[in-house]
Every structure is written in C-alpha cells, then in structure tokens.
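The chain contents come next:
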Amino acid sequence: VEGDAKPLRSAAFGEGITALGHALGGNSILVGGAGGSVAAYQQVRVNEQMSLQAFHRFGPLRGPVLGFMASQRDKRFLSWSASGVAVDHLTTEKRLMSAPGEGLATASLSPRGEGILAAAPGEVLGWSLDAPHTEVSWSLLWGRTHYEGYGSPEYVWQSSGGTDDFESKFSLVPLLFGTLKGTLYALLFAVPLAIFGALYTSQFASPGLRNLIKPTVEVMAALPSVVLGFLAGLVLAPLFERSMVQFLLIPGLAFSLALLALPLWLRLPRGFRRTFGEGREAVWMIPLLLAAFLVSLQVAPWFERVLLGGDYRQWLHGHGWIYDQRNSIVVGFAMGFAVIPIIFTISEDALSAVPKSLSSASLACGASPWQTAWRVVLPTASPGIFSATMVGFGRAIGETMIVLMATGNTPIMDWSPFNGMRTLAANIAVEIPEAPHHGTLYRVLFLAALLLFLLTFVLNTAAELIRIHLRKRYESL
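Residues numbered from 1 in each chain as written. Predicted model: local features only at pLDDT ≥ 70, side-chain atom pairs only at ≥ 80, totals over all residues. Heavy atoms only, no water.

### Observations concerning the side chain of T423
(1) Moving on: Within the fold, T423 resides in the loop between helix 12 (401-406) and helix 13 (424-431).
(2) Moving on: Note on T423: relative accessible area 4%, which makes it buried.
(3) Moving on: A polar contact of 3.2 Å, which involves the side chain of T423, links it to the backbone nitrogen of A426.
(4) Moving on: Ignoring any residue separated from it by four or fewer positions in sequence, one finds T423 in contact with L175, G178, T179, E399 and V403. (Helix = DSSP H or I, 4+ residues; strand = E, 2+ residues; numbered from the N terminus. Buried < 20%, exposed > 50% of the residue type's maximum accessible area, 1.4 Å probe, protein only. Polar contact = N/O pair within 3.5 Å; in protein donor to acceptor, adjacent residues only side chain to side chain. Contact = heavy atoms within 4.5 Å.)

Following this line, the structure appears as structure tokens:
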C-alpha cells in the first residue's frame, strides 16, 4: 500500500537515542537516550514545514533508556532502564514514582496507570501507584505551561474536550485576569457617576430633589442581577453592536457642548438659571445630553464612513482588535448599574455627615460652593467614599449572573474592551454542575472559590486599614 510520507525536520537530542514511544493520543513523541535522558517532542509548523520541537524534559534514569509505555487514562507514562523504572507526567514534568531494579529487561504500565510490572532475571517485580490528580500542580495553576499543540508555554483554562485523549488545562491565571478586568470596567463606569452624583445630591440639590434622587437610586439596588444580565445579553449587546460608534461619541460630544455652553450659561440671568428652583440647575443638563445624542446620530455615520472605512468592526480587525458582541463594555455598563447604588448611598451618607461648620467657614472665606465641595467636603468625606468604592469593588468582583449572561465566557487574557472574559465566580457557576464529585476539576473549582474569598478578604482588609488612616488624618478638622 502506497502512503504519503512527509519528512520532518529533525531536532537535536544531545546523546544517542535508545528508545522511542508515544504518550496518550499519539501526538507527543517520547525519546530516551544512552545516558538516561528522557524528553518529549511534538510536531510544530515552522515556515510552512513541520518540525520536531522539544517541549518537555524529565529527570534522567540510571543507564540507557530501554523503553516507554503510556497510560490509557491520562498523560502519565512509564520509562525504564536496566537499573530501574520511573513514571512521569508529560505536561507537569512531575516524577510520580521511581524504583530501582537490577537487570530489568522490560516493564509494563497498567491501562489506568496504577500498576507497574517489570521483568528481572528470574523474577517479576511489581509496584502500585496512587496518584489521583496528576494533571495539576502549583506551577501549572499559576505558571505558563507548554501543552500539546501549543507552540510555546501559555496560560490556558479548558476543562473539557471532544476526545478521550484530551488533556484538561487548569490554569487559574486567565480566570483571575478576567475577574480583575470585569471589575475594572465596571468601576470605570460606576465610580465617577456614583461619587459625583452623591456630591451633587448632598451639596447642591434642593431638599425636595434630594428626597427624590436618593430613594430612587437605592431602589436600583433591589434589581436582581439575573434581570440586569438578561437585559445586557439580549438587549444591550445587540444595541451596542449596531450603534457602538454613536455610543462612544456621546460622552465626548456632551463634554464639548458643555464647554461651549458654559460662557453662555454664565451670561444668563440668575432668575432664568434657577427656573426649576435653586439646587435644580442640573435639570438643564437634560437638553444638553439630548443635543449630544442627536448630534451623534448625525455624526456617527460620517465618522464611521470617513475615518473607519465604513465598518468599525473591520477597522478594528485590521488593527488587531476582535469585536465580540458580548464584550467588556457591555459587562461594565450592566455591572456598573449593579454597583452604582452601593457606592452612591454610602458616599452620599459620608458627604452629608461632614459638619456644616466646615462648609460655612469655607464659604465665609470667599470660596465658591464648588470650591467648598471639591476642596473641603470631598477630602473630609474621603474615608467614607473610599469605603464605598471598596464595597462596590467587592460587589463587582463576586458578581456571577451579569458576567455569565453578558459575556462569551471565554477565558482569554486581553485588556481589549471589545473582548469578553471569564471570571472566577462565573467559571464556578458554569463548571460545577458538570464536575465529577471529588474529581480534579471539582477540587480546582473549590480552590477557585477559596481564591475568590481570599482576594476579597485581603482587599477589604487593606481598604479598612486605609480608611482608618484617612479618618485619623481628617478627624481633627
């Protein structure tokens, strides 16, 4: 039978080769040398030609390697020489067991990798191996690991596959990265709105308007996360995809229009500016935001056509950015709505608790209301505002349903706002129903839960220490 044989570029081993074998799946080539060296090679494509790449090395044996035998359960394999046997794990490079022997001719590994037999002159030697979670190690959980099929070591989380010889990948780094990324985008949206809203409500709004704003925002905290996740995944994500350029233009246009309108606003009569009552001047921002929205409707198509080549997604792809419909912008927007009520309520209470004597003294010295709020009230209330921010941080870092429903749950490490992520909490919710009881995945998920607890505990402890320091600094005022 004629076959199609394709040559491979050879790779240097460093000594005479005495044994060859395959790991489970037949993708990795095990190589043993005359000096006892053991290494694993895989096929990689370099310049359109297949080459052999050495991607794992293991502890040496005593004497020339005589042979290999792979487990039919996982990536462990048996190697032996005339002086002993050893069982190693392909990916972790961890030696699971080694035993000496004299004059060994051959050896065998049971299909499940739990029993080893070796033939010596006039006798048969046997060993049992109890290593239930060989595919996990601390270096694999937190370091870059060179997996089969990958050209270089990487951080990868992929707990299941479509074939029996698939190797589970349990790096927690992409999940930790996704947790911090989702939290960062949520806080970038929530913190400015919540703190400035609290500052306006406590220092500038009239009592009637304050009694309307604060209960309304607090009611937002009762909105279930699953509802926000549902709206984000099925409503906001398609809407943002259709009108992303417009949404990105609105903040810049609103700020520009505010700067242009400021000189005109200062020239208007005081009675006109207080048409809606003293402390309600912010109502005039509604026409400004509406104008920015209408202008963006007209400018966005021209902006996308002239500057982005007619399609912003193709423009992003040409610059190395991939646009996913359920991305970090959607998550930040939706999770921000869950975090804003917490930050707003605590910050508003902290700002309202600042003694009136401080603001009255500042105003008496000639400072404007804004200067008083910015330079006196805000620094004095900074311990409470910092606590509010950290409580919001803890709320965002443990969020599950919004992230689960509003992202693609892809465990990638990319700061791009147009990509999704997978967080620790969402990963636990996705994986735990299918994890075999007390299996490796089951235990790793509990480790992820412990990591999430420790992360929030350390951050909250540090936040409390900083809050105490700030309170001592400003308590003498």
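### Some remarks on helix 11 (residues 382-397)
(1) Moving on: For helix 11, with 16 residues, the first-to-last C-alpha span of 22 Å sits near the 22 Å given by 1.5 Å per residue.
(2) Moving on: Taken residue by residue, helix 11 has S382, P383, I385, S387, A388, T389, M390, G392, F393, A396 and I397 as its buried positions. (Expected span 1.5 Å × (residues − 1).)

### A look at the pairing of strand 2 (residues 28-33)
Each regular strand displays side chains that alternate between the two surfaces of the sheet.
(1) Moving on: The element strand 2 is extensively covered by neighbouring structure, given that six of its six residues are classed as buried.
(2) Moving on: Every second residue of strand 2 is oriented toward a common face, with S28, L30 and G32 on one face and I29, V31 and G33 on the other, all of them buried.
(3) Moving on: The pairing of strand 1 (residues 17-22) with strand 2 spans five bridges and is classified as antiparallel. The residue of strand 2 that forms the bridge with H22 is I29. (Pairing = 2+ DSSP bridges.)

### Observations regarding the packing of aromatic side chains
Each aromatic ring pair is summarised here by two numbers: the centre-to-centre distance and the angle between the ring planes.
(1) Moving on: Evaluation of the coordinates by the stated rule reveals 18 aromatic pairs.
(2) Moving on: Each ring, one from F240 and one from F247, has its centre 4.7 Å from the other, and the planes form 45°; the classification is tilted.
(3) Moving on: The buried category is assigned to F240, whose relative accessible area is 4%.
(4) Moving on: Overall, the relative accessible area of 29% leaves F247 in the partly exposed class.
(5) Moving on: A ring pair is formed by Y312 and Y323, whose centres lie 5.5 Å apart and whose planes are at 90°; its orientation type is edge-to-face. Of the two residues, Y312 sits in helix 7 (residues 312-318) while Y323 sits in the loop between helix 7 and helix 8 (328-352), which places them eleven residues apart along the sequence. Both residues of the pair, Y312 and Y323, count as buried.
(6) Moving on: Clustering of aromatic rings is evident, with ring pairs tying together F189, F240, F247, F333 and F337.
(7) Moving on: The positively charged end of K169 is found above the aromatic ring belonging to Y147, 5.3 Å away from the centroid. (Phe/Tyr/Trp six-rings, centres within 6.5 Å; stacked < 30°, edge-to-face > 60°. Lys NZ or Arg CZ within 6 Å of the ring centre and 35° of its normal.)

### Quick look at the sheet that holds strand 11 (residues 123-128)
(1) Moving on: Strand order across the open sheet formed by three strands is 9-10-11, with antiparallel pairing between neighbours. Where the open sheet ends on each side, the last strands, each with one partner, are strand 9 (106-109) and strand 11. Sheet twist, expressed as the mean angle between neighbouring strand axes with direction ignored, is 15°.
(2) Moving on: Note: strand 10 (residues 115-120) against strand 11, six bridges, orientation antiparallel. (Axes fitted to C-alpha atoms, helices over the stretch in contact; angles between N-to-C directions.)

### Examining helix 10 (residues 369-380)
(1) Moving on: An ideal rise of 1.5 Å per residue puts 16 Å on twelve residues; helix 10 measures up with 15 Å between its terminal C-alpha atoms.
(2) Moving on: Among all positions in helix 10, only T372, A373, V377, L378 and T380 are buried. Seen end-on, helix 10 carries its buried residues on one side only, within an arc spanning 145°. (Arc of directions from axis to C-beta.)

### Looking at the pattern of salt bridges
(1) Moving on: Tallying each qualifying case throughout the model produces twelve salt bridges.
(2) Moving on: Its salt-bridge partner being E114, residue R112 comes within 3.9 Å of it at the nearest N-O pair.
(3) Moving on: Judged by its relative accessible area of 37%, E114 falls in the partly exposed class.
(4) Moving on: The shortest N-O distance in the salt bridge between R313 and D311 comes to 3.7 Å.
(5) Moving on: Residues joined by salt bridges that share partners form a network here, namely R210, K214, E348 and D349. (Salt bridge = Lys/Arg side-chain N within 4 Å of Asp/Glu carboxyl O.)

### Concerning the nonpolar core
(1) Moving on: Ranked by internal contacts, the top residues of the largest apolar core, which has 56 residues, are Y312, Y323, V330, M335, I343 and L351.
(2) Moving on: Element by element, the count of residues in this core is highest for helix 8, at eleven residues.
(3) Moving on: Counting 20 residues, the second largest nonpolar core, distinct from the first, contains V136, Y147, A425 and V444. (Core = buried A, V, L, I, M, F, W, Y, C linked by side-chain atoms within 4.5 Å.)

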